[in-house]
Amino acid sequence: MSLITVGSVAFDAIETPFGKTDKIIGGAGTYIALSSSYFAKEQKLVSVVGDDFPSATLEDLKARGIDIEGIQIKKGEKTFFWSGKYHNDMNTRDTLVTELNVLGEFDPVIPASYQGAEFLMLGNLAPSVQKQVIERLDKRPKLIAMDTMNFWMDIAWDDLMETIKMVDVLIINDEEARQLSKEYSLAVAAKKIMAMGPRYVIIKKGEHGALLFNNDNNVFFAPALPLESVFDPTGAGDTFAGGFIGYLAKTNDITFENMKRAVITGSAMASFCVEKFGTERIENLSENDINKRIMEFVNLAQFEIEINN
Ligand code: AMP
């Protein structure tokens, strides 16, 4: 099934306790598209870059089967730039620089060839832009998933509420879920968020795994692998989202049972992402690498027990 992803295609500069990069390729849209390209065969990206963005990178995305017709290249303008520095625990980071550049005036264009897609992944962007994308589709996709962040809760609450109402799955982290719901318990937070519109909520807890909730009171927990090498968590959330929606698009099954598999697939993809800086690790995975990693998740959480009454 075909999948449209909307998200930033960017330059990032990252500092972790293990090292520092100059400007490298990043962006939520890039991470999502790379990750989902291992699963969704018909994948279409909507974004905007400046003419300082390397055409070789765009060609590389294309070579992976990602349709880039929906990426606008703005002449004489600069690509979105983000820089962040991780603390020693690697769970928290400070944003050092956000230069919106072309993203400041992003007016998403949906090429005619993208129309009719069954799946839509709205990467972290201004909620008004995410909403515009939904409105510019001739037919509502079968499943719309959305990511967001604290930043938009602080500055664009009303827009965010309007957009959240229109989606099926909201993917956020624990801190964001608490801010959005004003609740500490994640179970209560998920219920409150589902009352805002989405039928499903995924709450990511970084190195502590992810929870999937639906509005029939079902809950599923996916652990995170205890990894030996964690170099750079940048993009892990987006890579998770890409694996999740890519798996759903591949299997064309949006039941809760299949969403559990999608959450494990997303978790497996995110576990690769953190092993190297930037997108490096998720650029070169084989089907075997991915299958082996998914089996590690299965084995991690599997156990037998006899209950004697
Ligand atoms: P994550 O680590 O999953 O939060 O995603 C990090 C990626 O999000 C980086 O590659 C950034 O380029 C991108 N990013 C950071 N802030 C924003 C923003 N305000 N809008 C769009 N993309 C962003």
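Every value quoted in this text rests on a predicted model; they were computed, and no experiment measured them.

So, unusual backbone geometry
1) Next: Of note, Lys182 is a non-glycine position whose phi angle comes to about 60°, a positive value.
2) Next: Inspection of the secondary structure assignment puts Lys182 in the loop between helix H6 (174-181) and helix H7 (186-195).
3) Next: Even without a glycine there, the phi angle at Asn217 is positive, about 70°.
4) Next: By relative accessible area, Asn217 is classed as exposed at 59%.

Looking at the site of the ligand
1) Next: Taken together, 16 residues sit near the ligand, with Ser8, Asp12, Gly27, Gly235 and Asp238 positioned nearest.
2) Next: Measuring from a nitrogen atom of the ligand, one finds a side-chain N or O atom of Ser8 at 2.8 Å.
3) Next: A distance of 2.7 Å is found between an oxygen atom of the ligand and a backbone nitrogen or oxygen belonging to Gly235.
4) Next: Protein chains shield 89% of the accessible area of the ligand, which is 500 Å² for the free molecule.
5) Next: The set of elements that each furnish at least two residues to the shell around the ligand consists of strand E2 (10-16), helix H1 (28-36) and helix H8 (236-251).
6) Next: Looking at the shell around the ligand, its residues break down into six nonpolar, seven polar and three charged.

Some words on the layout of surface pockets
1) Next: Computed from the structure, the second largest pocket encloses a volume of approximately 160 Å³.
2) Next: Put simply, the parts of the chain that give the lining of the second largest pocket at least two residues each are H8 and helix H11 (287-301).
3) Next: Taken together, the residues of the lining of the second largest pocket sort by class into five nonpolar, two polar and two charged.

Considering the pattern of salt bridges
1) Next: Taken as a whole, this structure holds 14 salt bridges when the rule is applied.
2) Next: With a shortest N-O distance of 2.9 Å, Arg281 and Glu275 are connected by a salt bridge. With respect to class, Arg281 is no different from Glu275; both count as buried.
3) Next: Ionic contacts of the salt-bridge type, sharing partners, join the residues Glu275, Arg281, Arg293 and Glu296 into one network.

A word on the nonpolar core
1) Next: Counting residues in hydrophobic clusters, the biggest one holds 42 residues, and the most contacted among them are Ile4, Val6, Phe106, Leu120, Leu122, Ile164 and Leu180.
2) Next: For this core, the element with the highest residue contribution is H7, accounting for four residues.
3) Next: Beyond its immediate chain neighbours, meaning those up to four positions away, Val6 contacts Val46, Phe106, Leu120, Met121, Leu122, Gly123, Leu125 and Val133.
4) Next: One finds Leu212, Phe220, Phe240 and Ala268 within the second-largest nonpolar core, a separate group that totals 34 residues.

Section: the environment of Glu99
1) Next: Tracing the chain through its elements places Glu99 in strand E8 (residues 93-99).
2) Next: Glu99 gets classed as partly exposed once you look at its relative accessible area, which sits at 30%.
3) Next: Sequence separation between Glu99 and Pro233 is 134 residues, and the spatial gap between their C-alpha atoms is 20 Å.
4) Next: Filtering out sequence-adjacent residues up to four positions away, Glu99 remains in contact with Lys78, Phe80 and Phe81.

Some thoughts on the packing of aromatic side chains
1) Next: For the structure shown, the criterion picks out four aromatic pairs.
2) Next: The interplanar angle of 75° and the centroid separation of 4.7 Å between the aromatic rings of Phe151 and Trp152 together place this pair among those described as edge-to-face.
3) Next: With relative accessibility at 41%, the residue Phe151 sits in the partly exposed group.
4) Next: Ring plane angle 5° and centroid distance 6.5 Å describe the contact between Phe240 and Phe244, whose orientation is recorded as stacked. Taken together, the residues span about one helical turn, with Phe240 and Phe244 both in helix H8 at a distance of four residues.

Comments concerning the packing of H1 against H8
1) Next: Contact geometry for H1 and H8: axes closest at 7 Å, N-to-C directions at 40°. Judged by the angle between their axes, H1 and H8 are oblique. Relative to H8, the crossing made by H1 is right-handed. Judged by residue contacts, Ala28, Tyr31, Ile32, Ser35 and Ser36 of H1 engage Asp238, Thr239, Gly242, Gly243 and Gly246 from H8.
2) Next: The residue inventory of the contact of H1 with H8, partitioned by class, reads three nonpolar, six polar and one charged.

What counts, and at which threshold
Residues numbered from 1 in each chain as written. Predicted model: local features only at pLDDT ≥ 70, side-chain atom pairs only at ≥ 80, totals over all residues. Heavy atoms only, no water. Helix = DSSP H or I, 4+ residues; strand = E, 2+ residues; numbered from the N terminus. Buried < 20%, exposed > 50% of the residue type's maximum accessible area, 1.4 Å probe, protein only. Near = heavy atom within 4 Å. Polar contact = N/O pair within 3.5 Å; in protein donor to acceptor, adjacent residues only side chain to side chain. Areas by Shrake-Rupley, 256 points an atom, 1.4 Å probe, with all protein chains shown as cover. Nonpolar A, V, L, I, M, F, W, Y, C, P; charged D, E, K, R; others polar. 1 Å grid on protein atoms, 1.4 Å probe; cavity = no way out; pocket = protein on both sides within 12 Å on 5 of 7 lines; lining within 4 Å. Points joined across faces, edges and corners; volume = space filled by probe spheres on them. Salt bridge = Lys/Arg side-chain N within 4 Å of Asp/Glu carboxyl O. Core = buried A, V, L, I, M, F, W, Y, C linked by side-chain atoms within 4.5 Å. Contact = heavy atoms within 4.5 Å. Phe/Tyr/Trp six-rings, centres within 6.5 Å; stacked < 30°, edge-to-face > 60°. Axes fitted to C-alpha atoms, helices over the stretch in contact; angles between N-to-C directions. Parallel < 35°, antiparallel > 145°, perpendicular 65-115°, else oblique. Left-handed = near helix turned anticlockwise from the far one by under 90°.

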